[in-house]
Amino acid sequence: MIQSVDRSLQILELLKEKPEGMGITELANKLDVAKSTIHRLVSTLESHQYIQRSADQTSYRLGLKFIEMYHVVVDELNILEVARNVLEELSERTSKIAHLVMIEEDHQVIYLDKVETQSTIRIYSRTGRKAPLHCTGVGKAILAYSSDEQLNDFLSTKELFKLTDRTITDATEFQNELEKIRQNGFAIDDEEHEEGIRCIAVPIFDHLGSATYAISITGTVPQMSEERLAEYLPILKQAGKEISRRLGYKGSR
């Protein structure tokens, strides 16, 4: 490694953990480096706007350049590119159809991507097609981690209409279902959207901690038995965590 670059990055990491700022002496002590060296590194970082001086000129904190960098990184994130190879691996490891969806403003999910298997089953999903939130695993996974305001808006404007005999149509029962999802970290569509089809889903969290996306694996009820679900669930959860990490999520929800 290049020592000066390494030390500069260490300075940025220290300032990240101390938003109120740090002085030259404190930084030198933390890194066990001479104050003259720290001063040169800090001056260079300041000239490029990666750090800035406090109002009293006695300490330094992260600079406005990081806001610019943040927006560039976030704007360039493409969920399809970020998630595609994870979906492919998920489908390969489980031998099931894998989906990526996004919530829409009209309280539906839209299928963004789908990785097929050699299975001959035919299901509703297709890239670009929309589906209800309340009776799909992916929809429930997203709703379970939405804000109270978003959930109340959904329940007040959308009917929990029945698609199969197993669709949840009672608001109280549905809210209990969402609580169970939050406790377990995953959602199940147990023939609620299509008869004979079962899927498990997990939310995807972005850099702000919002669950805007979800992924799932889908198969027939015999293919998705309780024993199989126990086998697939850790794989699915790990895939969800990896996509969330790639989107900049730092939390542990």
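As a reminder, the structure under discussion sits directly above these lines.
Residues numbered from 1 in each chain as written. Predicted model: local features only at pLDDT ≥ 70, side-chain atom pairs only at ≥ 80, totals over all residues. Heavy atoms only, no water.

Some remarks on the packing of helix α5 (residues 79-94) against helix α9 (residues 226-246)
Where α5 contacts α9, the axes come no closer than 10 Å and their chain directions differ by 165°. In terms of orientation, α5 and α9 fall into the roughly antiparallel class. Taken as a pair, α5 and α9 cross one another with a handedness that is right-handed. Contact residues: I79, V82, A83, N85, V86, L90, R93 and T94 in α5; Y232, I235, L236, A239, E242, I243 and R246 in α9. (Axes fitted to C-alpha atoms, helices over the stretch in contact; angles between N-to-C directions. Helix = DSSP H or I, 4+ residues; strand = E, 2+ residues; numbered from the N terminus. Parallel < 35°, antiparallel > 145°, perpendicular 65-115°, else oblique. Left-handed = near helix turned anticlockwise from the far one by under 90°. Contact = heavy atoms within 4.5 Å.)

Section: the sheet that holds strand β3 (residues 97-103)
Note on sheets: strands pair through backbone hydrogen bonds, and any given pair is parallel or antiparallel. Strand order in this open sheet of six strands is β5-β4-β3-β8-β7-β6, and the pairing throughout is antiparallel. With one partner strand each, in any of the chains shown, β5 (130-132) and β6 (187-190) form the two edges of the open sheet. Each adjacent strand pair in this sheet contributes to an overall mean axis angle of 30°, direction not counted. Direction of pairing for β3 relative to strand β8 (residues 211-220): antiparallel, over a ladder of six bridges. Looking at β8, one finds that H99 is bridged to S216. Packed on one face of the sheet, helix α6 (residues 137-144) meets β3, β4 (108-115), β6, β7 (197-205) and β8 and runs near 150° to β8. (Pairing = 2+ DSSP bridges.)

Thoughts on a nonpolar patch on the surface
Residues I2, V5 and L9 make up a contiguous nonpolar surface patch of roughly 290 Å² in combined accessible area. Within the secondary structure layout, I2 lies in the segment before α1 (3-17). Given a relative accessible area of 59%, I2 falls into the exposed group. (Patch = residues over 30% accessible without salt bridge, like charges linked within 9 Å, V, L, I, M, F, W, Y side chains within 5 Å. Areas by Shrake-Rupley, 256 points an atom, 1.4 Å probe, with all protein chains shown as cover. Salt bridge = Lys/Arg side-chain N within 4 Å of Asp/Glu carboxyl O. Buried < 20%, exposed > 50% of the residue type's maximum accessible area, 1.4 Å probe, protein only.)

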